[in-house]
Amino acid sequence: MSDWGPIFVAVILFVLLTPGLLFQVPGRHRCVEFGNFQTSGASIMVHSLLYFALICVFLLAVRIHLYID
């Protein structure tokens, strides 16, 4: 049996934290902008740090596992 939990968590977080798709921190004109489909170097850095922190929390602290037969 293989563990699919880390794969699903990584894919879902990647889609949700893509800068400019749902939200962007920091935005070009405001602190948070929603659905503008633009990005900047600062927002890439912030979103990658958020991704790293959340993936560590979900995989190391919460230990999410999903076994599919």
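Provided above is the structure to which this section pertains.
All figures in this text were calculated on a predicted structure; none of them were measured in a lab.

*Asks:* Requested: an account of the overall build of the protein, with residues and values cited.
*Replies:* Within the protein one finds 2 helices and 4 strands. Taken from the N to the C terminus, the helices and strands of the protein come in the order β-α-β-β-α-β. A compact globule built from 69 residues would reach a C-alpha radius of gyration of about 11 Å, whereas the protein, at 14 Å, exceeds it by more than 25%. Counting only C-alpha atoms, the protein reaches 50 × 20 × 15 Å along its principal axes. Put simply, the protein has 69 residues, and 17% of those count as buried. Expressed as a percentage of contacts within the protein between residues at least 6 apart in sequence, the contacts between residues at least 24 apart total 47%. Summed over its atoms, the accessible surface of the protein is roughly 5000 Å², and 76% of this surface lies on carbon and sulfur atoms.

*Asks:* Just give me the short version of helix α1 (residues 5-16), but keep the residues and values in it.
*Replies:* In this model, α1 (12 residues) spans 17 Å end to end at C-alpha, consistent with the 16 Å of a helix rising 1.5 Å per residue. All of the buried residues along α1 are Gly5, Val9 and Leu13. For α1, the angular spread of the buried residues around the axis is 50 degrees, confining them to a single face. At its buried positions, α1 is contacted by β1 (2-3) and α2 (41-61).

*Asks:* With reference to specific residues and values, describe α2.
*Replies:* Taking 1.5 Å as the rise per residue, α2 with 21 residues should run 30 Å; its terminal C-alpha atoms sit 29 Å apart, in good agreement. Among all positions of α2, only Ser43, His47 and Ile55 are buried. In an axial view of α2, the angular spread of the buried residues amounts to 90 degrees, which keeps them on one side of the axis. In α2, the exposed positions that point more than 90 degrees away from the buried face belong to Gly41, Met45, Leu49, Phe52, Leu60 and Ala61. Positive backbone phi, approximately 55 degrees, marks Arg63, located one or two places after α2.

*Asks:* Can you explain unusual backbone geometry? Please cite residues and give values.
*Replies:* With omega at -15 degrees, the peptide bond leading from Val25 into Pro26 counts as cis. Within the secondary structure, Pro26 is located in the loop between β2 (23-24) and β3 (33-34). Not every positive phi belongs to a glycine, and Arg63 is a case in point at roughly 55 degrees. Following the sequence through the fold, Arg63 ends up in the loop between α2 and β4 (67-68). For Arg63, a relative accessible area of 60% translates into the label exposed.

So, how was this worked out
- Residues numbered from 1 in each chain as written.
- Predicted model: local features only at pLDDT ≥ 70, side-chain atom pairs only at ≥ 80, totals over all residues.
- Heavy atoms only, no water.
- Helix = DSSP H or I, 4+ residues; strand = E, 2+ residues; numbered from the N terminus.
- Rg over C-alpha atoms; globule rule 2.2 N^0.38 Å.
- Buried < 20%, exposed > 50% of the residue type's maximum accessible area, 1.4 Å probe, protein only.
- Contact = heavy atoms within 4.5 Å.
- Areas by Shrake-Rupley, 256 points an atom, 1.4 Å probe, with all protein chains shown as cover.
- Expected span 1.5 Å × (residues − 1).
- Arc of directions from axis to C-beta.

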